Structures are given as C-alpha cells and as structure tokens.
Amino acid sequence: MPIPQSMAWALKKILSTRDIFEKGNRLQEFIVGEKFSIRKCYNQLNGDVNPVSWKRLICNNKASPKSIFITWLAVLNRLTTKVRLVSWQMLNDPSCPICQQENEDVLHLFIKCNYSATIWQKCLQILKCPRPIVSFMSEVNIAAEQCRRRHKKSQVYGMVFTDAVYQLWMQRNQKVFENKLVSPDQVVDNIIFNVACRCLRI
Ligand SMILES: [Zn+2]
C-alpha cells in the first residue's frame, strides 16, 4: 500500500522500513537458528553508532520516567533555559531567576547557582560521598558510571542525581511562573522521598 501523507509519523516510519527488508530479501540475514532475532535486526538497522558516555544514566536508571526525561533534555542542552530563550529572541533578560547573579544556562542552573550547589552538597553528604562539585557534564558522567554498577548504593546515587536535576528544573519553573521557591532543605527532602518511593524496584 502507498504510505498516506496524513498517517501518524510513527506509522509512516514503520511502513517505510519495508524497503529495507524487500531489497535482496534481507529478512533472512536476521534469522538465528530458526528464529527471527530482533536484537540482530535492531543492531544492523541502527548502523555503527558510538554510544554516548551517559547512556547508562538514561537506560540503567530506576528513577521516575519524568525525571529521566528532564535529565536527558538537560544533558542534550535542550531545556528552555533563559540563555536559549534570549538566543531565540523570545526574552531580553538571560539572568538566573533564582539568584539573578549570572546568566541562566544548564551549567549555572544545575551546578553553579548557590541554590543548586547547596542542594548538591546536601545530596552528596546523604550519599556519604562529600566532595567538591565539578562541571555539569562531569557530574553526569560520574552518575552514569555509578548507574553501570549493580551495587544498590550506586543505583541510589544515579536515582538521586536524576531526581535532583528534575527537582531543580521544577523549582526554577515555579520561581519563573509563580515567583515561589522552597528552601534547599525542602528540595532535598522531596528528592529523598521520591527516591525512597522507587527503591523497592532495585
Ligand atoms: Zn542562579
């Protein structure tokens, strides 16, 4: 059947893969033993791609899906921070809505802002690994490395990191849209509560 233009994007994408399989009867390439191997098919269709260093933070993480999604956007620098909004000429003032002292980009919002730094430090103390905070991507890579491990403490570290990113983004939004900001201690309590609620899964 021809692919209708009005069809949903995902269905169009699925139907367009017919061409890949029809060329040279490629379906046979994915048969292992007598069974069709989805893994082999997926890997071949995917081609040669280098996995990103933070893959485990997104894929091996028992934190809530919404916090993983926000972390994923933060890592890709796709959150609508003020610096990005100014670059799109949708805003004039790029300053951080929480401290008003520096421009609000991902590095400032999640690491350099005093509010965020206080929350990180408290989280690291609770995780029993107090240390100076490094850059956002370095923190992402440290958390991703923890997510690779099976030890429960490492799994909890990844969950706390992801939920902290989510909570900071929510607090920032609350400050922008409602001019409200809860204390760092309250944010840390929220993070610990959210992680504790999902700890039965690990
Ligand atoms: Zn700030």
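Residues numbered from 1 in each chain as written. Predicted model: local features only at pLDDT ≥ 70, side-chain atom pairs only at ≥ 80, totals over all residues.

Engineer: Go over the overall build of the protein chain, please, and point to the residues and values.
Structural biologist: Within the protein chain one finds 11 helices and 2 strands. For the protein chain, the α and β elements follow one another from N to C terminus as α-α-β-β-α-α-α-α-α-α-α-α-α. Computed over its C-alpha atoms, the radius of gyration of the protein chain comes to 21 Å, more than 25% above the 17 Å expected for a compact globule of 202 residues. The C-alpha extent of the protein chain, read off along each of the three principal axes, is 60 × 45 × 25 Å. Considering the protein chain as a whole, with its 202 residues, one finds that 25% of them fall into the buried category. (Helix = DSSP H or I, 4+ residues; strand = E, 2+ residues; numbered from the N terminus. Rg over C-alpha atoms; globule rule 2.2 N^0.38 Å. Buried ≥ 20, exposed ≤ 12 C-beta atoms within 10 Å, placed from the backbone.)

Engineer: Lay out unusual backbone geometry with the relevant residues and their values.
Structural biologist: Among all residues save glycine, negative phi is the norm, and among peptide bonds the norm is trans. Of note in this structure, Gln100 is not a glycine but carries a positive phi near 60 degrees. Turning to its location among the elements, Gln100 is positioned in the loop between helix H6 (82–87) and helix H7 (106–112). Not every positive phi belongs to a glycine, and Asn179 is a case in point at roughly 55 degrees.

Engineer: Got a sec to walk through the nonpolar core? Specific residues and values, please.
Structural biologist: Formed by 33 residues in total, the largest nonpolar core has its most connected members in Val160, Ala164 and Val165. For this core, the secondary-structure elements that each account for two or more residues are helix H5 (65–75), H7, helix H8 (114–126), helix H9 (136–148), helix H10 (152–178) and helix H11 (184–198). Top element by residues in this core is H10. It accounts for 9 residues. With near-sequence residues (within four places) excluded, Val165 lies in contact with Ser67, Ile70, Thr71, Ala74 and Phe110. (Core = buried A, V, L, I, M, F, W, Y, C linked by C-beta atoms within 7 Å. Contact = placed C-beta atoms within 7 Å.)

Engineer: Can you lay out the domain arrangement of the protein chain for me, pointing to particular residues and giving the numbers?
Structural biologist: For the protein chain, the domain assignment lists domain 1 (9–46) and domain 2 (55–201). In this structure, domain 1 and domain 2 have C-alpha centres spaced 38 Å apart. (Domains from an automatic or database assignment.)

Engineer: Describe H10, listing the residues and the values that go with them.
Structural biologist: Taking 1.5 Å of rise per residue, 27 residues should cover 39 Å, and H10 covers 37 Å from first to last C-alpha, within 8% of that figure. Positive phi shows up at Asn179, right after H10, with a value of about 55 degrees. (Expected span 1.5 Å × (residues − 1).)

Engineer: A description of the confidence of the model for the protein chain should follow, citing residues and the corresponding values.
Structural biologist: Per-residue confidence for the protein chain gives a mean pLDDT of 91, with 98% of residues at or over 70. H5 holds the highest mean pLDDT among the elements of the protein chain, 97, whereas helix H2 (residues 18–22) holds the lowest, 75. (pLDDT = per-residue confidence, 0-100.)

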